[in-house]
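Commentary on secondary and tertiary structure
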Amino acid sequence: MKLLKIAGAAVATVIVVAALLLFVGVPSGFLTSAIQERVERETGYKLAINGGAKVALWPSLNVTLKDVTLSDPRDRDINNRLTIGSVEADVTLSSLWSGKPQITELVLVRPVVNLPLQRERVRDTTPARTVGSSEAFKIEHVIVTGATVVFSNLRDRVENRIEGLNADFTMSDDRKIRITGNARTGEHPLKFDIKASAPQPPVERQNIPTEFNIEAAGFLTAPVSGRAEVRLNGNVVMINGLTGLLGDGAFNGWASVDLSSKPLVKLDLDFQRLKLANAVANPAGSAMAPWSNATIDLTGLNYVDAQARISAAELDFGSARFASAGIDATLAGGVLKTRISNLAAYGVTANAAFIVDASAASPSYAMQLDLTGVRALPLLQGVADFDKLDGRMQAKIDVKATGNSQRAIMSGMSGTAFVVFQDGAIRGLNVAQMIRPLTT
């Protein structure tokens, strides 16, 4: 009888505890240490759960973690970490019994990611982290709300942010992935829609067919969409077989991004038609408007290196149109060097070179331009909204300037400019009418 009473009491206790779990949810502070140890063992990163943890069983198994911080114990910079306001996961009970947890929904609220900006590329000699197999668990749906990505360099006192990032990630049983979302960078909105077909793990060095659609007003002249074969090779993201549209201009080529330290971007694209925004012409259309004192921020050129080759069968700059162009650009140490060759401009081939040095506090600029026998009116009207001169124009320009605004650049410009007009006309000026009163 005593044994039956103990068993009955135990069953009653289990029922009471189960009822509490089902209808109230039980604070599970004792789970936090186990979770932290498991994360550090699997990833090598330190997890701090400052707001506690809670487990509920109704209507499904739900785990909630509050005020979470993930950091690398080897990194002395405490700013390089991930913080999350709350993490909430729904897990199927049947998957737990099988030993392969299946997370039906994972919600991340107000995560903040801090990414350092580096001026120099450094070789990473740190041993690679050993992470548990991705086959050990599966995530069907991830929701991110109110995220912030902070790019900063404390020494340079530079900080840029992507704020208000909301994203929705889904993966079907046949490993079809879709990621949609929006954010803002300063005053510029950003929208993205990405589809991919993930191979069976491990995904490294396997082709991942990917489709994308991105809108980034202020950074791109038009929405860009396309498809490519993406491959991960260590810290290098390789993008092969790239085809798509920038606005109504089709393009193809390849790209790669090395993320081992300071990003290195390599790009080779061929456009049928490429439109570039004209920041030189006055948007109000008045040639007498003063040069702007607004600051031109080029500090971002110091934190990425690039090698690019861009060709276009047709190049549009403002309302000016060029038949073809080849553009080669390199960016290293904050110095951008661009060379334009074989630019077919209104009946003649032109060449130009531009250098922007943003490594100092006040950026410097250099331009070399060589034009021979070009039609002056359509070129000047399209590039600078100037329609007073027509004729055949020959120009050789070699100028330099410094400054971080239009006014500073123009007021400090120096160098040589040689411009000759032949068989031309001054539009809007009647020379014969001016001379006629003199002859009388």
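Now for a look at the structure at hand. (Residues numbered from 1 in each chain as written. Predicted model: local features only at pLDDT ≥ 70, side-chain atom pairs only at ≥ 80, totals over all residues. Heavy atoms only, no water.)

Quick word on the overall build of the protein
Of the regular secondary structure elements, the protein holds six helices and 27 strands. By residue count, 28% of the 440 residues in the protein fall in the buried class. Put simply, 48% of the contacts in the protein that link residues at least 6 apart link residues at least 24 apart. Accessible area of the protein: about 26800 Å², with a carbon and sulfur share of 59%. (Helix = DSSP H or I, 4+ residues; strand = E, 2+ residues; numbered from the N terminus. Buried < 20%, exposed > 50% of the residue type's maximum accessible area, 1.4 Å probe, protein only. Contact = heavy atoms within 4.5 Å. Areas by Shrake-Rupley, 256 points an atom, 1.4 Å probe, with all protein chains shown as cover.)

Examining the packing of aromatic side chains
Per the stated rule, a full pass over the model turns up one aromatic pair. Arranged with centres 5.3 Å apart and planes meeting at 40 degrees, the rings of F251 and F271 form a pair that is tilted. Of the two residues, F251 is situated in strand 16 (residues 249–258) and F271 in strand 17 (residues 264–271); the sequence distance between them amounts to 20 residues. Here F251 and F271 have matching classes, each one buried. (Phe/Tyr/Trp six-rings, centres within 6.5 Å; stacked < 30°, edge-to-face > 60°.)

Focus on the pairing of strand 16
Where a strand is regular, its side chains alternate between the two sheet faces. Here nine bridges tie strand 15 (residues 236–246) to strand 16, and the two strands are oriented antiparallel to one another. Across the sheet, the residue bridging to M238 is S256, located in strand 16. Counted along the chain from strand 15 to the antiparallel partner strand 16, the turn is two residues long, and its residue G247 has a positive phi close to 70 degrees. Looking at chain direction, strand 16 and strand 17 are connected through eight bridges and run antiparallel. Paired with S256 across the two strands is K266, which belongs to strand 17. With antiparallel pairing between neighbouring strands as the criterion, strand 16 and strand 17 make up a hairpin whose turn holds five residues. (Pairing = 2+ DSSP bridges.)

Some remarks on the pattern of salt bridges
Scanning all chains against the criterion turns up 13 salt bridges. Taking the shortest distance from any N to any O, the salt bridge between R178 and D193 comes out at 2.6 Å. Of this pair, R178 sits in strand 11 (residues 176–185) while D193 sits in strand 12 (residues 188–197), and the two are 15 residues apart along the sequence. Here E314 makes a salt bridge to R273, at a shortest N to O gap of 3.5 Å. Within this pair, whereas E314 is found in the loop between strand 19 (305–312) and strand 20 (315–317), its partner R273 is found in the loop between strand 17 and strand 18 (274–276), the two being separated by 41 residues in sequence. On the basis of relative accessibility, which here comes to 25%, the residue E314 falls in the partly exposed class. What emerges from the salt-bridge pattern is a single network uniting D248, R273, E314 and D316. (Salt bridge = Lys/Arg side-chain N within 4 Å of Asp/Glu carboxyl O.)

Here we look at the pairing of strand 13 (residues 208–216)
Two elements, strand 12 and strand 13, share seven bridges in a ladder whose sense is antiparallel. Bridging across to strand 13, F192 finds its partner in I214. Relative to strand 14 (residues 224–233), strand 13 is paired through seven bridges, and the arrangement is antiparallel. Pairing of I208 across the sheet is with V230, part of strand 14.

Here's the deal with the environment of D305
Position of D305 among the secondary structure elements: in strand 19. For the pair D305 and R119, spaced 186 residues apart in the sequence, the C-alpha separation amounts to 9.2 Å. Residue contacts for D305: discarding those within four places in its chain leaves R121, K262, P263, L264, V265, L331, A332 and G333. Of the polar contacts made by the side chain of D305, one reaches the side chain of K262; its length is 2.9 Å. (Polar contact = N/O pair within 3.5 Å; in protein donor to acceptor, adjacent residues only side chain to side chain.)

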